[in-house]
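An overview of the molecular structure
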There are 2 protein chains.
Amino acid sequence: MSTATDAPGIADTLSPTARTRIGRGRNRMVAERDRLHTFLAEALVAHLGLMVGSGADAHPIVLPTAFAIDLDGPDQCGTLYLHGSVGARWLRTAPDASICVTVTELDGLVAGRSAFHHSMNYRSAVIIGRPRLVDDHDERQRALDLIVDHMIPGRSATLRPSTRKELAATAVLALGLVEASMKARDGGPGDEPEDIEVGVWGGHIPLRRVSGAPVPDDDARGQVPADVSNRAVGLAG
Amino acid sequence: MSTATDAPGIADTLSPTARTRIGRGRNRMVAERDRLHTFLAEALVAHLGLMVGSGADAHPIVLPTAFAIDLDGPDQCGTLYLHGSVGARWLRTAPDASICVTVTELDGLVAGRSAFHHSMNYRSAVIIGRPRLVDDHDERQRALDLIVDHMIPGRSATLRPSTRKELAATAVLALGLVEASMKARDGGPGDEPEDIEVGVWGGHIPLRRVSGAPVPDDDARGQVPADVSNRAVGLAG
């Protein structure tokens, strides 16, 4: 049964713009905004793409980075936060132009019956937009806590507040989750019927990320705290 | 003991250009070219960054993609291969300008004694250059086999040759491993002495990628082939 209230509205659906429209593999497009949010809450590394240099020397650069999202943030559709040293080249230039943040988790290797139908299972989100350099003190503090808690949920509440010096050394970028697309692939290969008839084996190898036991450093004393051990258990698969 | 032949020459050392020089975190720089090669042989996903559009509409886009390397390829310092549909927007524009390919593997979450000293353990390579659209038939065929074997070693030898139609539908990009840099972080946090004194716990959570048992698709008959089962066992950790 479908009612008017079941139909996804603008806020629930990823409505691609010309920049985030998926060209190839539309069958792998994910249209539900809440799947994007769930994925971004779970994934651990973002790849930030931006243009550096100018004229004939201009070139893209792609850097791996930690991130967090805040669905209650000031931006329409939620906010993705990145942080870095105020001395980092990419942070100085980022707010002047559009950037692209891509978050990917690999979920499997797909063994097709031909080279052509080999593939990977994955979830991947692409967000494009002009970032905002966060200068509001409270938003910066909150964003930094969210980035820590994205890595280890609950951790920030156990730590001392950041010092003025630490905050001054850290820049925070905010990117609205407005212009976003998501793709996902799972399952086995999409082989040709004639290859299936021949009897070659086809299927996939599931992959997942797991954690080992937390490793205390040389100065650590006492029990592993609950936030750290819970994170390790949660990723133990 | 160090002799002249032990000293790294140009071919052994990653000599960054202005574009690949590491700005922040020089202590994490990896200078040995063979460590780059070992890492690229092991990592599974690349993120390709390129510029699309022009003028005020120009923006970077970052796409996850499979890849392979060939140290015996035609390019100085070895070749990184990417492939995609000939219909893909990014493949049409890529050879006209510099691209950036970044390959990252996440190795752990670092729980510092302050928000500031939280970090991630990782290995990451950044390669910048102008790619070459591979039109030589033999090089294309070899590159596609390498990409399959990068996912599942030994797999390509078990498959029928690609058809003319499949090859016509697939474009291959080659990027020389000339302008490349690599960074790696491992171990625990680099905390402030005053935070260590307070007795907060610090350490890290190791992360690794593992595989589950191969999943046959509905049409698969018989034993899982050795290439697939070996890959799964190899990633079982």
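Residues numbered from 1 in each chain as written. Chains lettered and ligands numbered in written order. Predicted model: local features only at pLDDT ≥ 70, side-chain atom pairs only at ≥ 80, totals over all residues. Heavy atoms only, no water.

Looking now at the pattern of salt bridges. Pairing of side chains with opposite charge becomes possible as their charged atoms draw close. If you walk through the whole model with that rule in mind, you get 24 salt bridges over all chains. Measuring nitrogen to oxygen at the nearest pair gives 2.8 Å for the salt bridge that ties Arg132(A) to Asp75(A). Here Asp75(A) lies in the loop between strand 4 (68-70) and strand 5 (79-85) and Arg132(A) lies in strand 8 (residues 132-133), a separation of 57 residues in the sequence. With its nearest N and O atoms 2.7 Å apart, the salt bridge here joins Arg160(B) to Asp195(A). Of this pair, Arg160(B) sits in the loop between helix 3 (137-151) and helix 4 (164-169) while Asp195(A) sits in helix 5 (residues 193-198), each in a different chain. Residue class for Asp195(A) comes out buried when judged on its relative accessible area of 5%. Several salt bridges share partner residues, and in doing so they unite Glu42(A), Asp107(A) and Arg123(A) into one network. (Salt bridge = Lys/Arg side-chain N within 4 Å of Asp/Glu carboxyl O. Helix = DSSP H or I, 4+ residues; strand = E, 2+ residues; numbered from the N terminus. Buried < 20%, exposed > 50% of the residue type's maximum accessible area, 1.4 Å probe, protein only.)

Below, the discussion takes up helix 3 of chain B. Residues and elements named next belong to chain B. End to end, helix 3 covers 22 Å across 15 residues, agreeing with the expected 21 Å (1.5 Å per residue, within 8%). Among the residues of helix 3, Glu139, Arg140, Gln141, Ala143, Leu144, Leu146, Ile147, Val148, His150 and Met151 are the ones counted as buried. One side-chain oxygen of the residue at the start of helix 3 lies 3.2 Å from the amide nitrogen of Asp138, identifying that residue as Asp136. (Expected span 1.5 Å × (residues − 1). Polar contact = N/O pair within 3.5 Å; in protein donor to acceptor, adjacent residues only side chain to side chain.)

This paragraph deals with the relation of the copies chain A and chain B. For the match of chain A to chain B, the screw axis carries a shift of 0.0 Å, the RMSD comes to 0.0 Å, and the turn is 180°. The symmetry that links the two subunits is that of a two-fold axis. No C-alpha of chain A approaches the rotation axis more nearly than that of Arg209(A), which lies at 2.2 Å. A high fraction, 100%, of the interface residues of chain A reappear at the interface in chain B, so the copies pair face to face through one surface. (Least-squares fit on C-alpha atoms with pLDDT ≥ 70 in both. Contact = heavy atoms within 4.5 Å.)

By size, the foremost hydrophobic cluster in this structure holds 70 residues, and its most contacted members are Leu40(A), Phe67(A), Val101(A), Leu40(B), Phe67(B) and Val101(B). Among all residues touching Phe67(B), those that are not within four sequence positions of it are Leu40(B), Ala43(B), Leu44(B), Val45(B), Ala46(B), Leu80(B), Tyr81(B), Leu82(B), Val103(B), Ile147(B) and His150(B). (Core = buried A, V, L, I, M, F, W, Y, C linked by side-chain atoms within 4.5 Å.)

Before going further, it helps to examine the pairing of strand 5 (residues 79-85) of chain B. Residues and elements named next belong to chain B. Among the seven residues of strand 5, five are classified as buried, and the element is accordingly described as predominantly covered. Sheet topology places strand 4 (residues 68-70) next to strand 5; three bridges connect them, and they run antiparallel. When the bridges of strand 5 are listed, Ala68 appears paired with Tyr81. Bridge count between strand 5 and strand 9 (residues 170-176): seven bridges; the pairing is antiparallel. Bridging across to strand 9, Ser85 finds its partner in Thr170. (Pairing = 2+ DSSP bridges.)

By definition, a disulfide links two cysteine residues through a covalent bond between their sulfur atoms. Overall, the coordinates contain zero disulfides over all chains when judged by the stated rule. Between Cys77(A), a cysteine without a disulfide, and Cys100(A), which holds the nearest cysteine sulfur, the sulfur-to-sulfur distance is 17 Å. By relative accessible area, Cys77(A) is classed as partly exposed at 25%. Cysteine Cys100(A) is unpaired, with the sulfur of Cys100(B) as its nearest cysteine sulfur at 12 Å. (Disulfide = S-S within 2.5 Å.)

Moving on: helix 1 (residues 33-42) of chain B. All names here are of chain B. Along helix 1, the positions that sit buried rather than exposed are Arg33, Leu36, His37, Phe39 and Leu40. All buried residues of helix 1 project into a common sector of 165° when viewed along the axis, lining one side. Away from its buried face, by an angle of more than 90 degrees, helix 1 presents the exposed residues Asp34 and Thr38. Along its buried surface, helix 1 packs onto strand 4, strand 6 (99-111), strand 7 (119-129), helix 3 and strand 10 (180-185). (Arc of directions from axis to C-beta.)

Let us look at the interface of chain A and chain B. Counting from both sides, the interface comprises 82 residues of chain A and, opposite them, 83 residues of chain B. Inspection of the region where chain A meets chain B yields 23 residue pairs in polar contact (both at pLDDT 80 or more). Here the side of chain A that touches chain B gets nine residues from one element, more than from any other, and that element is strand 11 (residues 203-211) of chain A. Of the residues in the side of chain A that touches chain B, the class split is 44 nonpolar, 22 polar and 16 charged. Looking at chain direction, strand 12 (residues 215-216) of chain A and strand 11 (residues 203-211) of chain B are connected through two bridges and run antiparallel. Note on strand 11 of chain B: the bridge partner recorded for Pro216(A) is Gly203(B). (Nonpolar A, V, L, I, M, F, W, Y, C, P; charged D, E, K, R; others polar.)

Our next topic: the sheet that holds strand 9 (residues 170-176) of chain A. Ordered in space as 4-5-9-8 (chain A), the four strands form an open sheet in which the pairing is antiparallel. At either end of the open sheet lies a strand with only one pairing partner, and these are strand 4 and strand 8 of chain A.

It is worth spelling out the confidence of the model for chain A at this point. Residue and element names in this part refer to chain A. Looking at chain A as a whole, the pLDDT averages 88, with 90% of positions reaching at least 70. Confidence, read as mean pLDDT per element, is least for helix 2 (residues 89-93) in chain A (75) and greatest for strand 12 (98). Within the model, pLDDT remains below 50 along residues 1-11, and this stretch shows four contacts once partners closer than five positions in the same chain are excluded. (pLDDT = per-residue confidence, 0-100.)

Here we come to the sheet that holds strand 9 of chain B. Hydrogen bonds between backbone atoms are what pair the strands of a sheet, whose relative direction is either parallel or antiparallel. Ordered by their spatial adjacency, four strands build an open sheet running 4-5-9-8 (chain B), and the pairing between neighbours is antiparallel. Looking at strand neighbours, the two that pair on one side only are strand 4 and strand 8 (132-133) of chain B, the edges of this open sheet.

Below, the discussion takes up the side chain of Asp75(A). Here the side chain of Asp75(A) touches Thr79(A) through a polar contact of 2.7 Å, side chain to side chain. In contact with Asp75(A), not counting residues within four places along its chain, are Arg132(A), Ala174(A) and Gly176(A).

Our focus in this paragraph is the pairing of strand 2 (residues 46-52) of chain A. The two faces of the sheet receive side chains in turn, since in a regular strand these alternate between them. All names here are of chain A. Counting buried residues in strand 2 gives six out of seven residues, a clear majority hidden from the surface. Where strand 2 and strand 3 (residues 59-65) come together, seven bridges link them in antiparallel fashion. Counted as the bridge partner of Val52 is His59 from strand 3. Counting the residues in the hairpin turn of strand 2 and strand 3 gives six residues, including Gly53, whose phi is positive at 75°. Across four bridges, strand 2 lies against strand 6 (residues 99-111) in antiparallel orientation. If you follow Leu48 over to strand 6, its bridge partner there is Val101.

This next bit is on the environment of Gly202(B). Residue position: Gly202(B) is located in the loop between helix 5 (193-198) and strand 11. Assessed through its relative accessible area of 0%, Gly202(B) is described here as buried. When neighbours within four sequence positions are excluded, Gly202(B) is seen to be in contact with Pro216(A), Asp217(A), Ala220(A), Ala111(B), Arg113(B) and Pro189(B).

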